[in-house]
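Next come the chains, spelled out residue by residue.
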Amino acid sequence: EDKETELDMSNESVLSNFITYAKENYDAEKYAVLIWGHGTGWRYSDLVNCSAGRAVAVDDKTDSYMSVLKMGEALENKGLSVIGFDTCFGGVFENVYEVKNAAEYTVGCSDFTPTTGWNYTKLLENLSESDFSSSCIAKVMAESSSVKTTVYENSKMDQLFASFENFAEFLS
């Protein structure tokens, strides 16, 4: 009997179940998750339902993706400290806003990222020398990227969004 062992990494249930499994089996004071791979942020719009096309975790093997909305649902109420995006456009405002209640910090680049991704050796070495605070974990993640990467303090996202809305209203 052939048993399928390849997981569809674009399936939000896989992400949600992975976090649940890790928390149940590996006790820790802080939990962080990294979303790695392709990402389209909120730019992708060749599907009829544009909001469904905004994607992260594009799985080349299954030719599928996880919508930003589904990703937000998968990360919700998981008790995460930091969410990192080692993806293109992972750090765009709209993505971060979608996960603002899922972690204390979000880390990501709002533009293209190199296909080589973050320097995980540097990330782990610097993390092992850190104080393991959420802010330090986020900073170490950002420093492991070779491109400009932003650390968002998620508790300030509502205030940032309101300021942006006020600015847009003033311009119009």
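Scroll up a little and you will see the structure.
In what follows, the accompanying structure is described. Small disclaimer: the values here were computed from a predicted structure and weren't measured. (Residues numbered from 1 in each chain as written. Predicted model: local features only at pLDDT ≥ 70, side-chain atom pairs only at ≥ 80, totals over all residues. Heavy atoms only, no water.)

Some details on unusual backbone geometry
No. 1: With a phi close to 60 degrees, Phe89 is a non-glycine residue in the positive phi region.
No. 2: Of note, Phe89 is situated in the loop between strand S5 (82-86) and helix H4 (93-98).
No. 3: Look at Phe89 and you get buried, because its relative accessible area is 6%.
No. 4: Phi is positive for Phe132, close to 60 degrees, though the residue is something other than glycine.
No. 5: By the secondary structure assignment, Phe132 is in the loop between helix H5 (120-128) and helix H6 (134-143).
No. 6: With relative accessibility at 42%, the residue Phe132 sits in the partly exposed group. (Helix = DSSP H or I, 4+ residues; strand = E, 2+ residues; numbered from the N terminus. Buried < 20%, exposed > 50% of the residue type's maximum accessible area, 1.4 Å probe, protein only.)

A few points about the nonpolar core
No. 1: In terms of nonpolar packing, the biggest core is built from 18 residues, with Leu15, Val33, Val56, Met71, Leu75, Leu80 and Ile83 touching the most fellow members.
No. 2: Mapped by element, the contributors of at least two residues to this core are helix H1 (12-25), strand S1 (32-36), strand S3 (55-59), helix H3 (68-75) and S5.
No. 3: With 4 residues, H3 is the largest single contributor of residues to this core.
No. 4: Those residues in contact with Met71 that sit more than four places away from it in its chain are Leu15, Val56, Met66, Phe85 and Val99. (Core = buried A, V, L, I, M, F, W, Y, C linked by side-chain atoms within 4.5 Å. Contact = heavy atoms within 4.5 Å.)

Side note on the pattern of salt bridges
When their charged atoms lie close together, side chains carrying opposite charge are able to pair.
No. 1: Scanning the entire structure with this criterion turns up 4 salt bridges.
No. 2: As a salt-bridge pair, Lys139 and Glu143 come within 3.9 Å of each other at their nearest N and O atoms. Residue Lys139 and its partner Glu143 are located together in helix H6, separated by 4 residues, close to a single helical turn.
No. 3: In this structure Glu143 comes out as partly exposed when scored by relative accessible area, which is 37%. (Salt bridge = Lys/Arg side-chain N within 4 Å of Asp/Glu carboxyl O.)

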